[in-house]
Amino acid sequence: MLGYEREDLLRLTFQEITFADDLQRCEQLTRRLLNGEIPDYTLDKRFVRPDASAVWTRISVVPARHANGHIEFLIGTAEDISAQMAARQVMEDQHNFLQAMVEGIDIGVLISDAGHVIYMNASLHRMLGYTAQSLHGTPVSDLYTPQSHAQTLLRRHSLQNGI
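Because the structure is predicted, anything quoted here is derived from the model rather than measured. (Residues numbered from 1 in each chain as written. Predicted model: local features only at pLDDT ≥ 70, side-chain atom pairs only at ≥ 80, totals over all residues. Heavy atoms only, no water.)

A.B. asks: Is there a simple way to think about unusual backbone geometry in this case?
C.D. replies: Note: most residues except glycine have negative phi, and most peptide bonds are trans. Phi is positive for alanine 52, close to 75 degrees, though the residue is something other than glycine. Tracing the backbone shows alanine 52 in the loop between β1 (41–48) and β2 (54–65). In this structure alanine 52 comes out as exposed when scored by relative accessible area, which is 62%. For alanine 114, which is not glycine, the phi dihedral falls at a positive 55 degrees. Under the relative-accessibility criterion, alanine 114 is labelled exposed at 72%. (Helix = DSSP H or I, 4+ residues; strand = E, 2+ residues; numbered from the N terminus. Buried < 20%, exposed > 50% of the residue type's maximum accessible area, 1.4 Å probe, protein only.)

Here it is, written out as structure tokens:
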């Protein structure tokens, strides 16, 4: 998974093969574990391979204790989660693209869940004259006049029944 020879892994410290941006958090958790503040930890972090590429892992670390209770050494396991992290990045990129697109159009967009507003784009806020947070959780029916609400329900019924 990491691409190192056994002899290299025995010689190198975890600091030497941990991706620089992840090192501080990893060292912090290790310190807390050694100080007895936490019993173990799990962390998503990157290791650096010999070719300088990164591999995403989920590591779990537990102490191995001597009979007197003192920590003798740490035991760590690592699972390759590179595929999951790549999929997460694709989803985040798509989300950001769609959000930028919806925010950039001059058409009002509203998303509701169980009949309550969970999202409105900036264009709809401008059209209705409300701030973004003021409508979050508001029943969608509160945004309609009685006549337009009846028309919307009729249109929805027609679409659902293929009329």
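From this point, the narrative continues.
A.B. asks: Quick question: what am I supposed to make of the nonpolar core here?
C.D. replies: Buried together is how nonpolar side chains tend to be arranged in soluble globular proteins. Among the nonpolar cores identified, the biggest contains 14 residues, and Leu2, Ile17, Tyr41, Leu43, Phe47 and Ile59 are the most heavily contacted of them. Once residues lying within four places of it in the same chain are set aside, the contact partners of isoleucine 59 are Cys26, Tyr41, Thr42, Leu43, Lys45, Phe47, Thr77 and Ala78. Within the second largest apolar cluster, five residues are counted, among which are Val117, Met120, Leu135 and Val140. (Core = buried A, V, L, I, M, F, W, Y, C linked by side-chain atoms within 4.5 Å. Contact = heavy atoms within 4.5 Å.)

A.B. asks: Sorry, what's going on with the pairing of β1 here?
C.D. replies: When a strand is regular, its side chains alternate between the sheet's two faces. Taken together, the eight bridges between β1 and β2 define a ladder with antiparallel strand orientation. Paired with tyrosine 41 across the two strands is valine 61, which belongs to β2. In this antiparallel pair of consecutive strands, β1 and β2, the connection spans five residues, and alanine 52 shows a positive phi of 75 degrees. (Pairing = 2+ DSSP bridges.)

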